[in-house]
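# A closer look at the structure
Okay, here's what each chain looks like letter by letter:
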Amino acid sequence: MSRIRIKNFGPIKEGYLENDGWMDIKKVTMFIGNQGSGKSTVAKLISTFMWMEKALNRGDLKIGNANDILNRIYWHNIDDYFHKNTEIEYKGDKWSLSYLAENDKQYDVSQTTGSLIEIEQYVVPKIVYIPAERNFLITIKEAFDLSGLPLPLADFSTELRKAQNNLNGSKISLPINDVNYEFNKQEGTSYISGKGYRLNLSKASSGIQSLVPMYLISRYLVLKIEKEQKEVIPEFIDLSSNNRVRRDEEVAAVWADSNKTDAIKKIDIDRILAKYHNKCFINIVEEPEQNLFPTSQKAILYSLLEFNNMMPGNKLIMTTHSPYLINYLSLAIQGNDLFKKIKALDRDELKERLFKIVPAASCISGSDVAIYEMDETNGTIKKLPAFEGIPSDKNYLNQSIREGNILFDSLLEIEEDL
Amino acid sequence: MSINFLNRNCQETPSHRDIFGLCDAQDGSRAYTNTDNPATWIATVKNNRNIALIFTAVDKCVLQDHDEIGRGRCDGLLTSEEHIYFVELKNEKGSWVTKAIDQLESTIKFFIENHSIEDFRHKKAFACNKRHNKFQEIDNELNLRFFRTYKVRLDVQAEIIFI
């Protein structure tokens, strides 16, 4: 399992208080906390280091070049967050990276220690960062062609356009409100439709505008990876031209090596092909709940969980301000627990009742979930405790509701004294 | 001491009514049911299937003030052949929920010590307040802990629905 340790970067000071500062990046990882507490910062660093691990694995980056990490952090627009004593360490399945500013900006890369078998099991991920600004791409006409977009948003807009084109003009149903989505390639325009209406997406509600890019890209990428898992012909794998050329050159070099037997050549070529073949999906989503009514939040969470369950190596990393998301995540965890019990006791007749509440495809084990609470007042991070996998009710978001209740009660108390 | 929750002196005759109320005069007398004066109801019982429901007064009857001093008790029980619903009736402001849950928990413990709760298919505990509905927050963890400990589902609201 990948882990990250962050100290003195942006709003994060002491960082994670347990486990010597190392935070597990689980199959579902969620960050909650006030504005400016560092939720997105951590999500962006996870994105950065996972991306670097992938690039190192493929040979895009050279070991020992500190600029690589700085460039990627610049890409995420968080380069001002460095302090003189910043420490960031990442331990991935294959590569470990660290950046310790005090040691004269020492940047270190090494293979993650562990058995060779574990390292060989590194699964190449497709990583996407879905920013909170995603509606912008829908509301501004021609946003796709705008120059000067922040780099993550520009990258995201490219992926969005690929997802839109991939629909080939056909409609897909969105997970909320019986709404369909379609993209007109010639016009470059998105439409939503339902019973008796068809609307340009730029005129739709802000919730739909936020949901469409998030849902479209997540769906497109996970289905693409799933399809490519089955592809045995390398030419069919979607790659950039540069990577395609490099992959083909590496393969040609192996074939030309007269010192290797055909059997060895085949093993080497399989290794090369694997480097260029995404086999899992890391979906990093800022505020999936953005502008959505609670039941729609449930629907999109269940969709994201379903995509996340499609491949064993997939991960869903979210930042949120929504107590509903934690509530619905609890349902998915409890649903999974119940599903296992129903199966063990051979009580299939109960499944229908269960799946009406939580779809089978969206269930998740509590041991695969980590929720981290970020405290902006002192720059620390804590893991939210869980009971049988169910996140504690005493989380920041629920406590905020409780605080509102207490304050309201105080108003009643004052009125009592009138 | 042994406590008989099935003490007939504390039970009202079975009711099949669609709707009735649970009341507590808060004057040292025991809790009771009422059908004709909703203004006095602290909790409303909805019984669309017209199941035979027996109300048992726990505080001031099954458990008298001098019994088990220091241990909390709830106001009453609603039972059918397959239901056992523990009910605490409150008519106050402030932090009543925690206190009500403690009383329910204590009564469930008494019940388990003296009877087989497993005989009932549906087991719930209701904390009800006429004057102040509970401000809603998310209680998944609390409910799961309660359920795991007592096999009783906790519900904080003034409407008791039998299904």
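Residues numbered from 1 in each chain as written. Chains lettered and ligands numbered in written order. Predicted model: local features only at pLDDT ≥ 70, side-chain atom pairs only at ≥ 80, totals over all residues. Heavy atoms only, no water.

Grouped together as the largest cluster of nonpolar side chains are 62 residues, with contacts concentrated most on Leu174, Tyr181, Ile208, Leu305 and Leu329 of chain A. When residues of this core are assigned to their parent elements, the largest contribution, 11 residues, is made by helix α6 (residues 206-230) of chain A. Setting aside residues no more than four positions away along its own chain, Leu174 of chain A makes contact with Val179, Asn180, Tyr181, Ile192, Ile208, Leu211, Val212 and Tyr215 of chain A. Among the nonpolar cores identified, the runner-up in size contains 47 residues, and Leu77, Ile101, Leu154 and Ala158 of chain B belong to it. (Core = buried A, V, L, I, M, F, W, Y, C linked by side-chain atoms within 4.5 Å. Buried < 20%, exposed > 50% of the residue type's maximum accessible area, 1.4 Å probe, protein only. Helix = DSSP H or I, 4+ residues; strand = E, 2+ residues; numbered from the N terminus. Contact = heavy atoms within 4.5 Å.)

So, on to the state of the cysteines. Residue and element names in this part refer to chain B. According to the stated counting rule, one finds 1 disulfide over all chains in the structure shown. Disulfide partner of Cys10: Cys61, at an S-S distance of 2.0 Å. Between Cys10 and Cys61, the S-S torsion sits near -90 degrees, and that sign places the bridge as left-handed. With Cys10 in the segment before β1 (19-23) and Cys61 in the loop between β4 (54-57) and β5 (76-79), the pair connects residues that are 51 residues apart, well separated along the chain. Of the cysteine sulfurs around Cys23, a residue in no disulfide, the closest is that of Cys128, at 12 Å. Classification of Cys23 by relative accessible area gives buried; the value is 1%. Looking at Cys74, it has no disulfide partner, and the nearest cysteine sulfur is the one in Cys128, 10 Å off. For Cys74, a relative accessible area of 0% puts it in the buried group. (Disulfide = S-S within 2.5 Å.)

On to the pairing of strand β13 (residues 280-286) of chain A, then. With respect to burial, β13 of chain A is a largely interior element, 7 of its 7 residues being buried. The handedness of the β13 of chain A to strand β14 (residues 315-320) of chain A crossover, carried by helix α9 (residues 294-308) of chain A, is right-handed. (Right-handed = clockwise from strand over helix to strand, strands pointing away.)

Strand pairing in a sheet is mediated by backbone hydrogen bonds. Such pairs are either parallel or antiparallel. Residues and elements named next belong to chain B. Here we have 4 strands laid out as an open sheet, ordered β2-β1-β3-β9, and mixed in their pairing. Looking at which strands have only one partner, the edges of the open sheet turn out to be β2 (32-34) and β9 (159-161). Recorded for the sheet is a direction-independent mean angle of 30 degrees between the axes of neighbouring strands. The pairing of β1 with strand β3 (residues 43-46) spans 4 bridges and is antiparallel. Note on β3: the bridge partner recorded for Leu22 is Ala43. (Pairing = 2+ DSSP bridges. Axes fitted to C-alpha atoms, helices over the stretch in contact; angles between N-to-C directions.)

Okay, the pattern of salt bridges next. Side chains that differ in charge, positive against negative, can pair when their charged atoms come close. Counted according to the given criterion, the structure contains 20 salt bridges over all chains. One salt bridge connects Lys126 of chain A with Glu159 of chain A, and the closest N-O pair in it is separated by 2.8 Å. Placement of the pair is Lys126 of chain A in strand β8 (residues 125-130) and Glu159 of chain A in helix α5 (residues 151-166), with a sequence separation of 33 residues. The same class applies to Lys126 of chain A and to Glu159 of chain A, which are both buried. Put simply, Asp257 of chain A and Lys260 of chain A hold a salt bridge, and the shortest N to O gap is 3.9 Å. Here Asp257 of chain A falls in the partly exposed class, since its relative accessible area comes to 23%. Through salt bridges with shared partners, a single ionic network connects Asp337, Lys341 and Glu388 of chain A together with Arg148 of chain B. (Salt bridge = Lys/Arg side-chain N within 4 Å of Asp/Glu carboxyl O.)

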